[in-house]
Amino acid sequence: MIEAVGLTKRYGKTVAVDNLSFAVEPGRVTGFLGPNGAGKSTTMRMILGLDRPSAGKVLIGGKPYQQLDRPLRTVGALLDAKWVHPNRSARAHLQWLAKSNGLPDRRVDEVLDLVGLTKVAKRRAGSYSLGMSQRLGIAGALLGDPKVLLFDEPVNGLDPEGILWIRQFMQGLAAEGRTVLVSSHLLSEMAVTAQDLVVIGRGRLISQSTTTEFIERSTENTVRVRSPHADKLGAMLVDKGFTVHEDADASLTVSGASSDQIGDIAAAAGVVLHELSPQHGSLEQAFMQLTGDSVEYHAEIAQGK
Ligand SMILES: Nc1ncnc2c1ncn2[C@@H]1O[C@H](COP(=O)(O)OP(=O)(O)OP(=O)(O)O)[C@@H](O)[C@H]1O
C-alpha cells in the first residue's frame, strides 16, 4: 500500500505538489492521472525517495522510502525505459542491478522469462525497440519481487500489441495482490486498465475513487433511440419530463430516463423501436469535465501569450 498524507513539494515559488493525500490499495491497478504539469512525476519521485517532500509524507507499507530495509524488495519502478547503458546486454544490466542490491543471479533469468526477453537477453540494450526497452525496465522493477510497483507512462509510444501486453501484465501483477500505481496520458487505455483512479490537477487532489465512479459522477448517461415514429415517441418522453434531443440522423438522445423506462413507454403506445441503447460517458469526457480548470497555462495559450 502507498499512502500520501499532506504531501507537498515546492520548487522556489512553484508549488508542484500541494497538500496531497491519497491511498493506493493492493490487489488493484490504480491509474494516476492529471494534465501536464499536474505533479505526477514529482509525486512518484517522492514516493521513491528521489525527491524530498517540503511538507507531509508518503509511506510505502507504512514506512518512508528512506527507512525501507531493502528498497528493491519492497518497491519496483519503471520511470524511464531508456535508462540503460546502450552497450550493455539486458542480462548484464539486470545482473548489475541484482548484484548491487544483493539479489541472486537466478532471479535475473526469472524476470527475463516473465517479461519474455530470454531469447534476446544477450543483445545490446541499445538495439532494443521501445517495446523491448519497456519490458527490460519492467524486468528491472520486478527483480526484488516487490509488493509495490510504480510505472510512469509505461505505454507511451508503444504499438497496440505492446500496449495490450503491458495492460495484461499490470493486471496480472495486481491479481497477485501487489499494489500497482501507473501514470498515463492515454485515457482510453487507463479506462480499461485501472480499477481505481487518483486524479490530480495543479498539484492538488481532484478525485480518488473507482474508475467507474469517476466516470459516472462526471458524465451524463443518455439513451439513444431510433424509431420510425421518433416524433411521436419524442413528444411522449418530453411529456413525461425527460429531456429529448433530436440528432442529425433522426435518432433521439434521451437524458434522465433509463432504457427500461423508454422501452416500456414505447411498448405501451405501440411504438416500434429500431434501437434502444444506453450511452455511457467516457473517461476522457469525465477527465475534461473535472480537470478543465486545473490545466496549467491553457488560458495563456488560448490568448496567444
Ligand atoms: N526540478 C524542478 N524544478 C523546478 N520546477 C519543477 C521541477 N520538477 C517539476 N517542476 C514543476 O513542478 C510542476 C509539476 O511537474 P511534474 O513533472 O511533476 O508534472 P507531471 O504531472 O508529471 O507533468 P507531465 O504530465 O507533463 O509529465 C510543473 O510546474 C513543473 O514545471
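As the structure is a computational prediction, the values presented were derived from the model and not from experiment.

Q: Account for the overall build of the protein chain, naming residues and giving values.
A: A count of helices and strands for the protein chain gives 12 helices and 13 strands. Along the longest, intermediate and shortest principal axes, the C-alpha atoms of the protein chain span 75 × 50 × 40 Å. Burial analysis of the protein chain (305 residues in total) assigns 37% to the buried set. Sequence separation of 24 or more characterises 71% of the internal contacts of the protein chain that already satisfy a separation of 6 or more.

Q: How would you explain the sheet that holds strand 1 (residues 2–11) if you had to name every residue and give the values?
A: Read from one edge to the other, the open sheet built from 3 strands follows the order 2-1-4, with strand pairing classed as antiparallel. Edge positions in the open sheet fall to strand 2 (14–24) and strand 4 (55–60), since each of these has one partner strand only. Averaged over all adjacent pairs, the angle separating strand axes in this sheet is 20°, with direction ignored. Pairing analysis gives 7 bridges linking strand 1 to strand 2, with the strands arranged antiparallel.

Q: I'd love a proper account of the sheet that holds strand 10 (residues 222–226), names of residues and values included.
A: Whenever strands of a sheet pair, they do so through backbone hydrogen bonds, lying parallel or antiparallel. Taking strand neighbours across the sheet as the criterion, the 4 strands line up as 11-12-10-13 in an open arrangement whose pairing is antiparallel. Two strands bound the open sheet, and with one partner strand each, they are strand 11 (243–246) and strand 13 (275–279). Each strand axis lies, on average, 25° off the axis of its neighbour in the sheet, ignoring direction. Here 5 bridges tie strand 10 to strand 13, and the two strands are oriented antiparallel to one another. In the strand pairing of strand 13, arginine 226 is matched with glutamate 275. Relative to the sheet, helix 9 (residues 230–239) contacts strand 10, strand 11 and strand 12 (252–255), its axis offset from that of strand 11 by approximately 155°. Where helix 10 (residues 259–268) meets the sheet, it contacts strand 10, strand 12 and strand 13, and its direction lies at approximately 160° from that of strand 13.

Q: An account of the packing of helix 3 (residues 90–100) against helix 4 (residues 106–114) is needed here, citing residue identities and associated values.
A: At a minimum axis distance of 9 Å, the contact between helix 3 and helix 4 shows a crossing angle of 130°. On the basis of their axis angle, the class for helix 3 and helix 4 is oblique. For the element pair helix 3 and helix 4, the recorded crossing hand is right-handed. Of the residues in helix 4, those in contact with Ala90, Arg91, Leu94, Gln95 and Ala98 of helix 3 are Arg107, Val108, Val111 and Leu112. Among the residues forming the contact of helix 3 with helix 4, the class breakdown is 6 nonpolar, 1 polar and 2 charged.

Q: Please set out the domain arrangement of the protein chain residue by residue, giving values where relevant.
A: Per the domain assignment, the segments of the protein chain are domain 1 (2–217) and domain 2 (220–279). Distance between the C-alpha centres of domain 1 and domain 2: 45 Å.

Q: Go over the pairing of strand 8 (residues 196–201), please, and point to the residues and values.
A: Taken across its 6 residues, strand 8 has 6 buried, putting it largely inside the fold. Residues Asp196, Val198 and Ile200 point to one face of strand 8 and Leu197, Val199 and Gly201 to the other, with burial holding for every one of them. Judged from the 4 bridges that link them, strand 3 (residues 28–33) and strand 8 form a sheet pairing that is parallel. Within strand 8, the position partnered with glycine 31 by the bridge is leucine 197. Pairing between strand 8 and strand 9 (residues 204–210): 6 bridges, direction antiparallel. Paired with leucine 197 across the strands is serine 209, a residue of strand 9. Hairpin connection from strand 8 to strand 9: 2 residues lie between these consecutive antiparallel strands, with arginine 202 at a positive phi of about 50°.

Q: Give me the lowdown on the site of the ligand, citing residues and values where you can.
A: The ligand sits among Tyr11, Thr14, Ala16, Gly34, Asn36, Gly37, Ala38, Gly39, Lys40, Ser41 and Thr42. Of all the secondary structure elements, the ones that give two or more residues to the shell around the ligand are strand 2 and helix 1 (40–47). Sort the elements by how many residues they give to the shell around the ligand and helix 1 lands first, with 3 residues.

Q: Pulling in residues and values, what's your account of the nonpolar core?
A: Ranked by size, the top nonpolar core spans 64 residues in total, and within it Leu94, Ala139 and Met170 carry the most contacts. If you look at the next biggest cluster of nonpolar residues, it comprises 10 residues, including Leu237, Leu252, Val254 and Ile262.

Calculation notes
Residues numbered from 1 in each chain as written. Predicted model: local features only at pLDDT ≥ 70, side-chain atom pairs only at ≥ 80, totals over all residues. Helix = DSSP H or I, 4+ residues; strand = E, 2+ residues; numbered from the N terminus. Buried ≥ 20, exposed ≤ 12 C-beta atoms within 10 Å, placed from the backbone. Contact = placed C-beta atoms within 7 Å. Pairing = 2+ DSSP bridges. Axes fitted to C-alpha atoms, helices over the stretch in contact; angles between N-to-C directions. Parallel < 35°, antiparallel > 145°, perpendicular 65-115°, else oblique. Left-handed = near helix turned anticlockwise from the far one by under 90°. Nonpolar A, V, L, I, M, F, W, Y, C, P; charged D, E, K, R; others polar. Domains from an automatic or database assignment. Near = placed C-beta within 6 Å. Core = buried A, V, L, I, M, F, W, Y, C linked by C-beta atoms within 7 Å.

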